[in-house]
Amino acid sequence: MRPAPPCRGRRHTILFVSKRTDRTEGPLSTPDPEDVVATLVEQRIELVRLSYPDLIGVDRGRDILTHHLPAACAHGLSFCRAVYHTSPRGDVVDVAGGLDTGLPDICVRPDLDTLVPVPWEPGVAWCLGEPVDPATGLPCPESPRDLLRRVVADLAAEGLAAVVGPELEYFLLDRDETAPAGWRRYADVTGQVYTVGRKGDPAGHLPATLRALDALGIGAISGNREFDGGQFEINLSHSAALDAADRAWRFKTAIKEIAHAEGRLATFMAKPFNDTGGSGFHVHVSCVDTEGHNAFADPSGAHGLSDTARHAIAGLLEHAPALAALLNPTVNSYKRFGPDTLAPWLIDWGLDNRSAMLRVPPERGVGTRLELRLGDASANPYLAVAGVVAAVLLGIRAKAAPPAPLQGYGYDRARAAVLPMTLSGSLDALAADTALTEVLGKGFVTAFVSYKRDELERFRRHVTDWEFGEYAYHL
């Protein structure tokens, strides 16, 4: 995956007729809602689905009848701000700005520039929402998309722009009432890593999904069966950081919707089964300067890397313990770590070395980039990319130098520090990382840590199947 200007892949966006009359160069104005409605009616689109990510990346939203779209654009749609603090089980967590202030509103307006038809649901178009605090008109501290915008702006002040390529894995499951959790792995045949075709995908899930993603226009490139039964990986193209996070988030939402339409469940849970590995979220990142040149490339530098790249590596290594909270954000995430899993749990970097937490792929020149292998698929793409870009920025600002790269196979505690091995440890590291907190914003970090510590407390009180099986009969 070679870093380049923002994605120019196939994008089946709806064509809008702008009321702007001048033809000078420069960006067109935001589409006029009345023009958009006329185009939607022509295309027999009856509903516009507005959605936005909550704190952990769950898609929240509302379906709007097409003829009511202009009003939604003018006035916005009201949602309770505590939706950012609502757990997957429906618990409203006591995070500042929610329960303590009487459950106030946020106002969400459709971003018409992101409007696309939904390939698997005729008559529906989908756009992202822009949430603000109606009292101030400013973005909410918990808004993941706005957090990434702020970090990208900070990097731009250094004359750099991040280019990001997301890699995500997921498990596809079939309902099975006899299975422990009611679901079993789809086409659970071993030895299917890097394969395609019906022997590992008898229902043709992957080709159908790739076609739907292509029609959605989010830069899907290719896909294959991954290491474990029922596991798939689909690669997305590289683009500017915010666009890449938008596409990764829409990808996760789309995969889950497509699976539901098949009568299946797609999960990006870090490690859903005891007898398999987990699902990763690898982030490829490079930087381009104001002239569009790859700022990580230097043929005369050590390993073909520029000083900027070396500073970025050092920043990612230094802030890795705190980044773990954003890229490995669940209790389950840390069950994916361990020797020989190819899920990194030591803080190290290497040249084309997949046993390192941070890998430098072999391409140089315009393809020079870093691959952070720390994350798992449960991460909110906006928070994952924001954390990575923030750590890169801090390393560049500090002009930090990394240690020597890993030689040979990793996972040797004698050669590298250990990442936090629990969610509690990574949250402590995030709370203690004042430099990263300053870039991400204290309001966001406080909200995120509070939410996740409540999750930990709820988990501590929950009796698991393992505990019952281990103790109930004998004790």
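Whatever comes next refers back to the structure up there.
This structure is a prediction, so every number in the text was calculated from the model and none was measured.

Colleague: Would you mind going over the pattern of salt bridges in detail, with residue names and values included?
Modeller: As enumerated under the stated definition, the model contains 29 salt bridges in all. One salt bridge in this structure joins Arg149 and Glu130, with 2.6 Å as the shortest N-O distance. Of this pair, Arg149 sits in helix α3 (residues 144-156) while Glu130 sits in strand β5 (residues 124-132), and the two are 19 residues apart along the sequence. Given the relative accessible area of 29%, Arg149 is considered partly exposed. Across the pair Arg264 and Asp174 runs a salt bridge, and its minimum N-O distance is 2.7 Å. You can see Arg264 sitting in the loop between α5 (241-261) and β11 (265-267) and its partner Asp174 sitting in strand β6 (residues 160-175), a full 90 residues away along the chain. On the basis of relative accessibility, which here comes to 15%, the residue Arg264 falls in the buried class. Ionic contacts of the salt-bridge type, sharing partners, join the residues Asp111, Glu130, Arg145, Asp146, Arg149 and Asp246 into one network.

Colleague: So, the state of the cysteines: which residues are in play, and what are the values?
Modeller: Tallying each qualifying case throughout the model produces 0 disulfides. The cysteine Cys127 is free of any disulfide, with Cys73 supplying the nearest cysteine sulfur at 7.5 Å. The thiol sulfur of Cys140 is not disulfide-bonded, and the nearest other cysteine sulfur, from Cys107, lies at 9.8 Å. Judged by relative accessible area, which is 1%, Cys140 ranks as buried.

Colleague: Lay out the pairing of strand β2 (residues 59-65) with the relevant residues and their values.
Modeller: In this structure, strand β1 (residues 47-53) lies alongside β2, joined through 7 bridges in antiparallel fashion. Residue Ser51 lies in a different strand from β2, and its bridge partner there is Gly61. From the end of β1 to the start of β2, which pair antiparallel, there are 5 residues, and Gly57 there has a positive phi angle of about 95 degrees.

Colleague: Residue-level account of helix α4 (residues 205-216), with values.
Modeller: Helix length check: α4, at 12 residues, gives a terminal C-alpha distance of 16 Å against a target of 16 Å (1.5 Å per residue), a fit within 8%. When α4 is considered as a whole, its buried residues turn out to be His205, Leu206, Thr209, Ala212, Leu213 and Leu216. Around the axis of α4, the buried residues are gathered within 130 degrees of arc, so they sit on the same side. On its buried side, α4 packs onto β4 (105-117), β5, β6, β8 (220-225), β9 (231-236) and α5. Where α4 terminates, the next one or two residues include Gly217, which has phi positive at roughly 75 degrees.

Cut-offs and rules
- Residues numbered from 1 in each chain as written.
- Predicted model: local features only at pLDDT ≥ 70, side-chain atom pairs only at ≥ 80, totals over all residues.
- Heavy atoms only, no water.
- Salt bridge = Lys/Arg side-chain N within 4 Å of Asp/Glu carboxyl O.
- Helix = DSSP H or I, 4+ residues; strand = E, 2+ residues; numbered from the N terminus.
- Buried < 20%, exposed > 50% of the residue type's maximum accessible area, 1.4 Å probe, protein only.
- Disulfide = S-S within 2.5 Å.
- Pairing = 2+ DSSP bridges.
- Expected span 1.5 Å × (residues − 1).
- Arc of directions from axis to C-beta.
- Contact = heavy atoms within 4.5 Å.

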